[in-house]
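Fold and geometry: a report
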Amino acid sequence: AQSVTQLGSHVSVSEGALVLLRCNYSSSVPPYLFWYVQYPNQGLQLLLKYTSAATLVKGINGFEAEFKKSETSFHLTKPSAHMSDAAEYFCAVSQNTGFQKLVFGTGTRLLVSP
Amino acid sequence: SAVISQKPSRDICQRGTSLTIQCQVDSQVTMMFWYRQQPGQSLTLIATANQGSEATYESGFVIDKFPISRPNLTFSTLTVSNMSPEDSSIYLCSVEGARLDGYTFGSGTRLTVV
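Let us look at the structure shown here.

Reading guide: rules and limits
Residues numbered from 1 in each chain as written. Chains lettered and ligands numbered in written order. Predicted model: local features only at pLDDT ≥ 70, side-chain atom pairs only at ≥ 80, totals over all residues. Heavy atoms only, no water. Helix = DSSP H or I, 4+ residues; strand = E, 2+ residues; numbered from the N terminus. Rg over C-alpha atoms; globule rule 2.2 N^0.38 Å. Buried < 20%, exposed > 50% of the residue type's maximum accessible area, 1.4 Å probe, protein only. Contact = heavy atoms within 4.5 Å. Salt bridge = Lys/Arg side-chain N within 4 Å of Asp/Glu carboxyl O. Core = buried A, V, L, I, M, F, W, Y, C linked by side-chain atoms within 4.5 Å. Phe/Tyr/Trp six-rings, centres within 6.5 Å; stacked < 30°, edge-to-face > 60°. Polar contact = N/O pair within 3.5 Å; in protein donor to acceptor, adjacent residues only side chain to side chain. Nonpolar A, V, L, I, M, F, W, Y, C, P; charged D, E, K, R; others polar.

Looking only at helices and strands, chain B features zero helices and eleven strands. N-terminal to C-terminal, the α/β element order of chain B is β-β-β-β-β-β-β-β-β-β-β. The globule rule puts the C-alpha radius of gyration for 114 residues at 13 Å, and the 13 Å found for chain B is close to it. Overall, chain B is about 40 × 25 × 25 Å in size when its C-alpha atoms are taken along their principal axes. Looking at chain B as a whole, 50% of its 114 residues qualify as buried. The contacts of chain B with a sequence gap of at least 6 include a subset with a gap of at least 24, amounting to 53%.

Right, let's talk about the pattern of salt bridges for a bit. Residues and elements named next belong to chain A. Scanning the model with the defined rule gives four salt bridges over all chains in all. Salt-bridge contacts for arginine 109 lead to glutamate 88; the nearest nitrogen and oxygen are separated by 3.1 Å. Of the two residues, arginine 109 sits in strand 12 (residues 108–113) while glutamate 88 sits in strand 10 (residues 87–95), which places them 21 residues apart along the sequence. Arginine 109 sits in the partly exposed class, given a relative accessible area of 36%.

This part is about the nonpolar core. General note: in soluble globular proteins, nonpolar side chains tend to be found buried as a group. Counting 27 residues, the largest nonpolar core has Trp35(A), Leu48(A), Phe74(A), Leu76(A) and Tyr89(A) as its most contacted members. Of all elements in the fold, only strand 2 (10–14), strand 3 (19–21), strand 5 (31–38), strand 6 (44–50), strand 8 (64–68), strand 9 (73–78), strand 10 and strand 12 of chain A reach the threshold of two or more residues within this core. The biggest single contributor to this core is strand 10 of chain A, with four residues. Counting 26 residues, the second-largest nonpolar core is a separate cluster that includes Met32(B), Tyr57(B), Phe61(B) and Val95(B).

By the definition in use, this model includes 15 aromatic pairs over all chains. An angle of 65 degrees between the planes, with centres 5.6 Å apart, marks the rings of Phe61(B) and Phe66(B) as edge-to-face. Overall, Phe66(B) belongs to the buried group, its relative accessible area being 4%. Cluster of aromatic residues (ring-pair linked, three or more members): Phe34(A), Tyr36(A), Phe90(A), Phe104(A), Phe33(B), Tyr35(B), Tyr103(B) and Phe105(B).

Before going further, it helps to examine the interface of chain B and chain A. Listed as interface residues are 22 residues of chain B and, on the opposing side, 20 residues of chain A. In this assembly, chain B and chain A are joined by zero salt bridges. For the pair chain B and chain A, the interface holds four residue pairs in polar contact (both at pLDDT 80 or more). Sorting the residues of the side of chain B that touches chain A by element identifies strand 4 (31–37), strand 5 (43–50), strand 9 (89–96) and strand 10 (103–105) of chain B as the ones contributing at least two each. Per-element accounting of the side of chain B that touches chain A gives the leading share, four residues, to strand 4 of chain B. Looking at the side of chain B that touches chain A, its residues break down into nine nonpolar, seven polar and six charged.

Here you go:
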C-alpha cells in the first residue's frame, strides 16, 4: 500500500524567505509523486509532478521538488516566498503501473507574513 | 490538460435530503474519481467511476450512501443520500490526464448540511 506523510500541518515564513514543505512517501512499487496547491475556497491545482524522469522537478510559480529515493522524500521548495503563496499544499503518490489511484497526505498550510 | 466543470459550487441542504453533484469533462476520459475533503482535512477517495460499469468504492464508502452514475466518457454524477451534518464537506471530481500529465480536479462542491 502507498502512503504519504507531510511533516508539519502549518508552516510559517516571512515574505522573501525560503519555503520548505516536507513530504515522505511509502510505496512498494516505483511511485509517481505530485504536489498540489489549494487556495481558499478553490479546487486543487497541480504544482509539479515526478514521473521517473529527472529527479529535480520544476513546477509553476517558482516551486520545485527533488525526488530522493534513498530518503523516500519529495520535499517542495521555493527560494523566496510571496504573500500569494499562502495556501494549503498537498503531496500525493500513485503507482506508475496499472490502476493509478492518488493517495494524499494530510496537507500543510503555508502562512506568509509581511 | 482536461477542463472539468463541476456543479453546484456550493449548497446548503437539510438533513435527510439528497444532493446530486455533476461533473462534466471537456474530453473523453476512461476513469473519473470522486473525492471527499472534510473540514480541515485531506482528500479521501470515495470511488472510481468507469463508463459502462459499476463504480468501485473505497473502504468506508457504500453505494447506497454515495450512488454514482457514469453514462458516458465525459460525464459523471455523485449523489450524497440521506444527508446528515457529518456529510458537510467539499466533494471533488478528478480525471487522470494523458500519460504523465497528472490529475485534474474540478473546483469542488462545498456542501453544508443543516
